[in-house]
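Take a look at the letters that make up each chain.
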Amino acid sequence: MGTNSIDDKYFMARNSAYNPYWLTRREIGFNRPVGSGNALARSLYCGMKPIASWDCEQANSLPTGGVFNLEFSPEGSLLVAACEKKSIQIFDPLTHQRIYSVIGAHSDCVNCVKFLDGRMFATCSDDTTIALWDVRNLKKKIRSLLGHSNWVKNIEFSVKDKLLVTSGLDGSIYTWDINSYTEFNLVYQRVFHASGLMRCRLSPDAKQMVMCTTGGLLVIIHDLNLTTLAQDLHGFKPNLYRLMQMSQQVIPIAAMYDHLFDLERKENRVEFVSDFPDGNDAEVVSALQIHPQGWCALSRNISHDDRSEWSCIHDIQPGESITNKSCRDTSPSPPAPPRRPAPRRPKRVRNRPYRHLRPMTSITTQGDTPPSSSRPRESEDSEAGPSREPAPARLPPPNLSSIQNDVWEASITIKQHRILQEMYSRGQVGRNFNMQRIMGINTGITPPGAVRRPARPARLLPRLHASPVPLAPTPDRYVLPSTSGQTPLRDLYDDEYKHFIRQNRDRLLYYIEETNEGKGFIKELCFSADGRLVCSPFGRGMRLLALNEQCAELSHCVQDFKGPSRMVDVGQSLGFHHDLVVSSKFSPRHHSLVTGCLEGKIVWYEPYSGESCY
């Protein structure tokens, strides 16, 4: 390519889709020069203009309400719109005409559409059900799936496991085996539960699951195995673990699941993503999409003060070269005291993290089956699904009161930390002021220094074993009861497990601030079929965003990556809709785009060569 901006502009114009030079070289059989793909994409996407539209008044039909989701069939021959007024509309993407309308597809507004193959698709609704449809016979749904207890907002399909994956505002994620069913329903299982869950997406190869929450958190599950996910993540609370990270205080019920973050895990490894651009205190991550190649995740969030919205792109690739310690807190700790001969007076254990030792009613070893009278009853917040196998006995599900206590304690700690920072900024206290030493007694949360390994653990362990507290030996650890449930004793003294509170890697790649029009509505973004462009609803229109001015692919931008960068606005189309745009979708086959608004109007966009892009 050229060495200056003039040569670059000439190269882009020479290799654009509307230049005969490009077609001539293609017909002759010459190879395309490096960078010509960027020029071709830029010429097509930057010139996209609205060419057709559809609404219920134009078709003299019943009002459809807002178009909450748009989905193309895998080959791009059909377009299905999920509408607010309980209906789904099916269009021909080439002629822009409506083919069929299903009135009363659900008993409440339809939220999402997902094609399973070329002829079958699924829809979900605020009536808490999922419906299966066949495009060859839309007069009656194939089956209704019942299991969620609140609005169902998202549907995914795992091509690897042949399972339908649904998530809703009840915080539950279900898997449905559409090829196996009983007399009453399909074979299904609740595989995970997270408070504040908004969206759940799968990578194209179904090896990763990405979730977003109302707490400004992205949760990635690497090397996904849906068949064992319920057992591996049983009892794991992402929000509780995030509170422990923010407060830098050990919460026993959250620290129990530290092993889920180990890079040595072969399946269902958990990773948190919590970094956002400066000025964006993300609170609710409402929309989520995965790159067509599974390279990154595109999300849209609302800031804590509800005054701004942002679109962000985060890297979600596993990153096998990263070590465990780089993902943990490496802040300096006070030097360990010098080793001394063992004193005659035994050490007291009241200053240890788990100092309130209380006998439990029953602790069973792994593999033993407790009697029915001693089996803990399952609470309403339990992770057990309709078909879930029981969890191992060494990690019993904590009761609801313990979870509430831990959340309350962590919230108090975070509040104290903020108060202390304000006191520092006003000069009211010095840097040697230790609020945790004063307030830790009231909150019950141990200061970070207490989680360090004691100088003589060998002298302490026999004392614990001789105590009247019942301990349950397992193949490689002892279980010590605590105020919040059972906590592995090995985690107390093992350098590898308890010297650090894991911290999250910086994953942010690109970002841009959006218009904050239409508070309370979810605006669905989308990637183009090649992943070069992002379509973002922008008020009463849309705008196209690229990673750089050349519309290059993400893999070509890595060499120039020097930190999070702003996305580039390469095109806009505003004012064609008469209400807020809430959905968008690129065609998987053609260079076309479609958007839908709250008024029920659907607009098609295609490349337009009537005016120069350069």
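From a predicted model like this one, the values you see are computed outputs, not experimental measurements.

Asker: Just to check I follow, could you spell out the overall build of the protein for this structure?
Answerer: A count of helical and extended segments in the protein gives 13 helices and 32 strands. Split into buried and exposed, the 614 residues of the protein put 51% on the buried side. On the protein, roughly 29700 Å² of surface is accessible, and the fraction owed to carbon and sulfur atoms is 50%.

Asker: I would appreciate a short explanation of unusual backbone geometry in the present structure.
Answerer: Trans peptide bonds make up most of the peptide bonds, and negative phi angles are found at most residues other than glycine. Even without glycine at this site, H96 takes up a positive phi of about 65°. Here H96 shows up in the loop between β4 (88–92) and β5 (97–102). Of note, Q248 is a non-glycine position whose phi angle comes to about 55°, a positive value. Counting through the fold element by element, Q248 comes out in the loop between α6 (238–247) and α7 (252–255).

Asker: Help me understand the side chain of K153, please; the structure alone is not making it clear to me.
Answerer: Residue placement: K153 occurs in strand β10 (residues 152–158). Excluding its chain neighbours within four sequence positions, the residues that come into contact with K153 are N111, C112, C124, D126, S167, G168, L169, M198 and R199.

Asker: What exactly am I supposed to notice about the pattern of salt bridges here?
Answerer: Pairing is possible between side chains that carry opposite charge, provided their charged atoms lie close to one another. Scanning all chains against the criterion turns up 18 salt bridges. With a shortest N-O distance of 3.8 Å, E524 and R201 are connected by a salt bridge. With a gap of 323 residues between them, E524 in the loop between β24 (508–514) and β25 (526–527) and R201 in strand β14 (residues 197–202) connect regions that are remote in the sequence. An identical accessibility class is assigned to E524 and R201; each is buried. Between R300 and E309 there is a salt bridge, with the nearest N and O atoms lying 3.0 Å from each other. Taken individually, R300 and E309 each receive the classification buried, so the pair is uniform in this respect.

Asker: In this structure, what is going on with the pairing of strand β26 (residues 533–538)? I would like to understand it.
Answerer: The side chains of a regular strand alternate between the sheet's two faces. In terms of burial, β26 is largely enclosed, as five of its six residues are buried. Bridge count for β25 against β26 is two bridges, and the pairing is antiparallel. Among the inter-strand pairings, C526 is bridged to a residue of β26, identified as C535. If you look at the hairpin formed by β25 and β26, you'll find five residues sitting between the two strands, and G531 has a positive phi there, around 80°. When β26 meets strand β27 (residues 541–546), the two strands line up antiparallel, connected through six bridges. Bridged to S536 within β27 is R543.

Asker: Just checking my understanding: could you explain a negative patch on the surface for this structure?
Answerer: Residues D281, E283, D305 and D306 make up a contiguous surface patch of negative charge. With respect to the helices and strands, E283 occurs in strand β18 (residues 282–290). Here E283 falls in the partly exposed class, since its relative accessible area comes to 31%.

Asker: Can you help me understand the sheet that holds strand β11 (residues 163–168) in this one?
Answerer: The strands that make up a sheet pair up through hydrogen bonds in the backbone, lying either parallel or antiparallel. Pairing is antiparallel in the open sheet, where four strands are placed in the order β10-β11-β12-β13. Each end of this open sheet is capped by a strand with a single partner; those strands are β10 and β13 (186–193). Pairwise comparison of adjacent strand axes, ignoring direction, gives a mean angle of 25° for this sheet.

Asker: Mind showing me how you'd approach the confidence of the model for the protein here?
Answerer: The predicted coordinates ought not to be read in detail in places where the model reports low pLDDT. Averaged over every residue, the pLDDT of the protein is 75; residues scoring 70 or more account for 67%. Ignoring residues within four places in sequence, the model shows residues 321–403, a span with pLDDT below 50, making 130 contacts including any to other chains. Here residues 431–499 is a poorly scored stretch, pLDDT under 50, and it has 148 contacts once near neighbours within four places are set aside; other chains count.

Asker: What is the right way to look at the environment of V191 in this model?
Answerer: Inspection of the secondary structure puts V191 in strand β13. Considering only alpha carbons, one finds V191 and D232, 41 residues apart in sequence, at a separation of 9.3 Å. Filtering out sequence-adjacent residues up to four positions away, V191 remains in contact with I173, T175, L226, L229 and A230.

Asker: Would you take a moment to explain the sheet that holds strand β15 (residues 208–213) for this structure?
Answerer: Taken in spatial order, the four strands line up as β14-β15-β16-β17 in an open sheet, and their pairing is antiparallel. The sheet is open, and its two borders are formed by β14 and β17 (269–273), each paired with just one other strand. For this sheet the average axis-to-axis angle between neighbouring strands, irrespective of direction, equals 20°. The sheet contact formed by β14 and β15 spans five bridges and is antiparallel. In the sheet register, R201 faces β15, and the bridge partner there is V210.

Asker: Can you walk me through the packing of aromatic side chains in this structure?
Answerer: According to the stated counting rule, one finds 16 aromatic pairs in the structure shown. Relative to F261, the ring of F236 lies with its centre 6.1 Å away and its plane at 75°, an arrangement referred to as edge-to-face. Here F236, found in the loop between α5 (229–232) and α6, pairs with F261, found in the loop between α7 and β17; they are 25 residues apart in sequence, far enough to count as distant. Just as F236 is buried, F261 falls in that class too. By the ring-pair criterion, three or more aromatic residues cluster together here, those being F192, F236, Y241, Y257, F261 and F272. Here the guanidinium or amino end of K601 rests over the ring plane of F576, the centre of that ring lying 4.9 Å away.

Asker: How should I be thinking about the environment of C112 in this particular structure?
Answerer: Along the chain, C112 turns up in strand β6 (residues 110–115). Separated by 31 residues in the primary sequence, C112 and A81 place their C-alpha atoms 8.4 Å from one another. Setting aside its immediate chain neighbours within four residues, C112 contacts N69, A82, A122, T123, C124, K153, N154 and I155.

Asker: I'm lost on helix α3 (residues 36–45) in this one. Help?
Answerer: For an α-helix the count is 3.6 residues per turn, leaving residues at separations of three or four pointing the same way. Counting buried positions along α3 yields ten of ten residues, so the element is predominantly enclosed. Buried residues of α3: S36, G37, N38, A39, L40, A41, R42, S43, L44 and Y45, and no others.

Asker: For this particular structure, what's the right way to read α6?
Answerer: By the criterion of burial, α6 is predominantly enclosed, with seven of the ten residues buried. When α6 is considered as a whole, its buried residues turn out to be P238, L240, Y241, L243, M244, Q245 and S247. Of the residues one or two after α6, Q248 is the one with positive phi, at around 55°.

Asker: Explain the environment of F192 here, please?
Answerer: Tracing the backbone shows F192 in strand β13. When its relative accessible area of 2% is taken as the criterion, F192 is described as buried. Remark: the alpha-carbon pair of F192 and L226, spanning 34 residues in sequence, is separated by 9.9 Å.

Analysis parameters
- Residues numbered from 1 in each chain as written.
- Predicted model: local features only at pLDDT ≥ 70, side-chain atom pairs only at ≥ 80, totals over all residues.
- Heavy atoms only, no water.
- Helix = DSSP H or I, 4+ residues; strand = E, 2+ residues; numbered from the N terminus.
- Buried < 20%, exposed > 50% of the residue type's maximum accessible area, 1.4 Å probe, protein only.
- Areas by Shrake-Rupley, 256 points an atom, 1.4 Å probe, with all protein chains shown as cover.
- Contact = heavy atoms within 4.5 Å.
- Salt bridge = Lys/Arg side-chain N within 4 Å of Asp/Glu carboxyl O.
- Pairing = 2+ DSSP bridges.
- Patch = residues over 30% accessible without salt bridge, like charges linked within 9 Å, V, L, I, M, F, W, Y side chains within 5 Å.
- Lys, Arg positive; Asp, Glu negative; His and termini not counted.
- Charge placed at Lys NZ, Arg CZ, Asp CG, Glu CD.
- Axes fitted to C-alpha atoms, helices over the stretch in contact; angles between N-to-C directions.
- pLDDT = per-residue confidence, 0-100.
- Phe/Tyr/Trp six-rings, centres within 6.5 Å; stacked < 30°, edge-to-face > 60°.
- Lys NZ or Arg CZ within 6 Å of the ring centre and 35° of its normal.

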